[in-house]
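# Residue-level structural notes
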Amino acid sequence: MASERRYCYTGCCTEWEQEIHLYIDGELSPAGCERVRRHLAKCEDCACFYRVVEREEQLLSGRLRQKVAMSAVPSLIADQVMDVIPSLQPITWGQRITKPVWAAASYCLDQNRRHYALAASMLICVIGVLLTMRIGNVEEEHFVHIKRNGTLMRVTLFEPIYISRPEGEFIEFPDGSLAYATYDTWFSVNAYQDEGGTSNVGTDRRLSLKSGELYLDVRPAKEGFSVICPNSRTMVFGTQFYIRINSGPMKETTVVVRTGQVSVEKLGKDQMASTIVEKGYMTKVFSYNGTVRMRIPYKADPLLMKRLNLFNEAKEDRSAQRLVPLLDVISKNGVLSRSGSAPEPPILPDILPQQAGEVFE
Amino acid sequence: MVHKAEVTLINQVLNGRKECYRPLVEKYQQKVFLLACSLVRNAAEAQDVAQEAFLQAYKNLHTLKDREKFGPWLYGITRNLCFTALRQMKVQPESIETLPSQEISNVVVMRPPGEDGLDIVETLLAKLDQLPEKYQVLLRLKYLEDYSYQEIAEMLDLPVDLVRSRLFEGRRLLREGMDRIRRVENGQ
């Protein structure tokens, strides 16, 4: 009987077959998952179907990826494309104006209206060039030199940086401060002292985190180091901490401190408030009923502390691969999935907004 | 949700800042490559298609009306390049809907008993190649990178419900006949 039931593609309950596939694919709501789990606990045929199909799907996926030789190819594409780009000319704003002007000018010239054509063309081309150069509002660009996975490169301040490597990247700043950014993180360097750079805006150290996660090991210095998120600003003078901002419309910033202390300030239209988060503690800044709220610091989630500890171990050799298990841990706990369709991080059940003193107004 | 940083980068590229194109390529290179892989089924060809898709997108960036739709627009360029490549390989497709279907073979390669999982996987892989293209493309995208139904729908410009039903139907077809064969093996 055991061998009969071992392969049971058609043995499961018909009405549950699609639900089980959706469950395997992670496409069900938490309530839907619970419904399927309860059924699998009661129905041996469906449970057998689920076990067999889930295993085969994993093996099939692995085998297919092997055939396509997944690991190396995609990351080469950016290098190849950027090698060709310098020889290409995208159409800029100035060209969009001057191209049709030249076409009109050619027509006028053909019609022996040379003097009108020439005057009009020259005037409009000058305007096009001015628009392209943005005279009157020329932005002097500032740069800083950082290392991305060991490679030194120059980045423009305020310019978005995107982490495309599945294993994430180690970013080293001019003062030796270190960050590990996970896959699908967007951030920018807004200010940094850089002796090799052309200039700097201010003397402090500032990052802007648009979405994703950063693990930070900040070198002590008299200049503050701050990370600005859409709804918060976190500032330290030298410590190790973790910060995450989700990419959905309801922004929630999470800050966890491994060593030292950080100051977290909530940003919003309403009254400003800030708190100090000590070693081993965490806080969240989130939207609630249309306002920005912040939790009183509480004991850090053990999982998040474990991640920070792993970061601390991996930082010496800058090994992003050692941190890959972090990604697996993150995925399994549904905090951030690698596919990017992230469920929102859960609010810890022992913290309730209505408890007195728990949430800043 | 499209990130505002993407729109910023597109504006910067249109202002002549070519280096701002790199983060966009890095963000989409994996998906574009896998989409191409699922359609042309050849990694080398897929790499060429992906590179060409980014270059075409760069040259024609000024034609993109809604800058928040860079991703779907890029996937459209990729799909068209794939169909062109397939035509050159003499496969003659016009769209995912009209890609030629192949008869599902009832002949399954029988292998000597071994590690059950791997034997079954090789059989399933062989059957995957025989599925109609409209199922095959979706299954390949799902197996290669475990994209969500929403992401697959975006990459192939299909409704999510259709993705859901085709994945389900594709998996049924993939395993059709397998149970019967196994029951025969078990002496039933």
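Just so it is clear, the model here is predicted, and its values are computed rather than measured. (Residues numbered from 1 in each chain as written. Chains lettered and ligands numbered in written order. Predicted model: local features only at pLDDT ≥ 70, side-chain atom pairs only at ≥ 80, totals over all residues. Heavy atoms only, no water.)

## Topic: the overall build of chain B
If you tally the helices and strands in chain B, you get 9 helices and 0 strands. Ordered by position from N to C terminus, the α and β elements of chain B give α-α-α-α-α-α-α-α-α. Within chain B, buried positions represent 55% of all 188 residues. When contacts within chain B are restricted to residue pairs at least 6 apart in sequence, long-range pairs at least 24 apart make up 61% of them. About 8300 Å² of surface is accessible on chain B, with carbon and sulfur atoms providing 47% of the total. (Helix = DSSP H or I, 4+ residues; strand = E, 2+ residues; numbered from the N terminus. Buried < 20%, exposed > 50% of the residue type's maximum accessible area, 1.4 Å probe, protein only. Contact = heavy atoms within 4.5 Å. Areas by Shrake-Rupley, 256 points an atom, 1.4 Å probe, with all protein chains shown as cover.)

## Some points on the confidence of the model for chain B
All names here are of chain B. Residue-level pLDDT values for chain B average 80, and 77% of them are 70 or greater. Every residue in residues 99–115 scores below 50 in pLDDT, and together they form 29 contacts with partners more than four places removed in sequence or on other chains. Low pLDDT, under 50, characterises residues 183–188; the stretch is placed with 6 contacts to residues that sit more than four places away or in other chains. Complex prediction metrics read pTM 0.63 and ipTM 0.74. (pLDDT = per-residue confidence, 0-100.)

## Thoughts on the state of the cysteines
Residues and elements named next belong to chain B. With the rule as written, the count across this model stands at 0 disulfides over all chains. We note that Cys37 lacks a disulfide partner, and the nearest cysteine sulfur, in Cys82, lies 9.0 Å from it. Classification of Cys37 by relative accessible area gives buried; the value is 4%. (Disulfide = S-S within 2.5 Å.)

## Focus on helix α8 (residues 302–314) of chain A
Residues and elements named next belong to chain A. In this model, α8 (13 residues) spans 18 Å end to end at C-alpha, consistent with the 18 Å of a helix rising 1.5 Å per residue. All of the buried residues along α8 are Leu304, Met305, Arg307, Leu308, Phe311 and Ala314. Put simply, Asp301 is the residue that caps the front of α8, since its side-chain oxygen is 2.9 Å from the backbone nitrogen of Leu303. (Expected span 1.5 Å × (residues − 1). Polar contact = N/O pair within 3.5 Å; in protein donor to acceptor, adjacent residues only side chain to side chain.)

## A look at unusual backbone geometry
Leaving glycine out, the prevailing phi sign among residues is negative, and the prevailing peptide bond configuration is trans. Residues and elements named next belong to chain B. Unlike most non-glycine residues, Asp146 shows phi in positive territory, near 50°. Assessed through its relative accessible area of 46%, Asp146 is described here as partly exposed. Of note, the phi angle at Asp157 is positive, near 55°, even though the residue is not glycine. Along the chain, the position of Asp157 falls in the loop between α7 (149–156) and α8 (160–175).

## Description of the pairing of strand β2 (residues 151–156) of chain A
Side chains on a regular strand alternate between the two faces of the sheet. All names here are of chain A. Of the pairings in the sheet, the one linking strand β1 (residues 143–148) to β2 comprises 6 bridges and is antiparallel in character. Along β2, the bridge assignment pairs Arg148 with Thr151. Where β1 folds back onto β2 in an antiparallel hairpin, the turn is made up of 2 residues, including Asn149, whose phi is positive at roughly 50°. (Pairing = 2+ DSSP bridges.)

## Brief notes about the side chain of Thr78(B)
Residues and elements named next belong to chain B. Summarising the element assignment, Thr78 is placed in helix α4 (residues 70–88). Note on Thr78: relative accessible area 0%, which makes it buried. The contact partners of Thr78, leaving out residues within four places of it in the chain, are Val32, Leu35, Ala36, Val49 and Ala53.

## Here's the deal with the packing of helix α2 (residues 14–24) of chain A against α8(B)
For the pair α2(A) and α8(B), the least separation of the axes is 11 Å and the interaxial angle reads 110°. As the angle between them shows, α2(A) and α8(B) are arranged roughly perpendicular. When α2(A) is examined against α8(B), the residues Thr14(A), Glu17(A), Gln18(A), His21(A) and Leu22(A) are found in contact with a partner set consisting of Arg164(B), Ser165(B), Phe168(B), Arg171(B), Arg172(B) and Arg175(B). A breakdown of the residues in the contact of α2(A) with α8(B) according to their chemical character gives 2 nonpolar, 4 polar and 5 charged. (Axes fitted to C-alpha atoms, helices over the stretch in contact; angles between N-to-C directions. Parallel < 35°, antiparallel > 145°, perpendicular 65-115°, else oblique. Nonpolar A, V, L, I, M, F, W, Y, C, P; charged D, E, K, R; others polar.)

## Points about the pattern of salt bridges
What the rule picks out here adds up to 29 salt bridges over all chains. Across the pair Lys31(B) and Glu151(B) runs a salt bridge whose closest N-O atoms are separated by 3.0 Å. Of this pair, Lys31(B) sits in helix α2 (residues 21–40) while Glu151(B) is found in helix α7, placing the two residues 120 residues apart along the sequence. A relative accessible area of 10% places Glu151(B) in the buried class. Residues joined in a network through salt bridges with shared partners are Asp79(A), Arg148(A), Arg165(A), Glu167(A), Glu169(A), Arg22(B) and Glu26(B). (Salt bridge = Lys/Arg side-chain N within 4 Å of Asp/Glu carboxyl O.)

## Here's the deal with the packing of aromatic side chains
Considering all chains together, one arrives at 14 aromatic pairs over all chains under this definition. Ring plane angle 55° and centroid distance 4.7 Å describe the contact between Tyr215(A) and Tyr242(A), whose orientation is recorded as tilted. Placement of Tyr215(A) in strand β7 (residues 205–217) and of Tyr242(A) in strand β10 (residues 240–245) is noted, with a sequence separation of 27 residues between them. Both residues of the pair, Tyr215(A) and Tyr242(A), count as buried. Arranged with centres 6.0 Å apart and planes meeting at 50°, the rings of Phe70(B) and Trp73(B) form a pair that is tilted. In this pair, Phe70(B) and Trp73(B) both sit in helix α4, 3 residues apart, roughly one turn of the helix. Trp73(B) sits in the partly exposed class, given a relative accessible area of 21%. (Phe/Tyr/Trp six-rings, centres within 6.5 Å; stacked < 30°, edge-to-face > 60°.)

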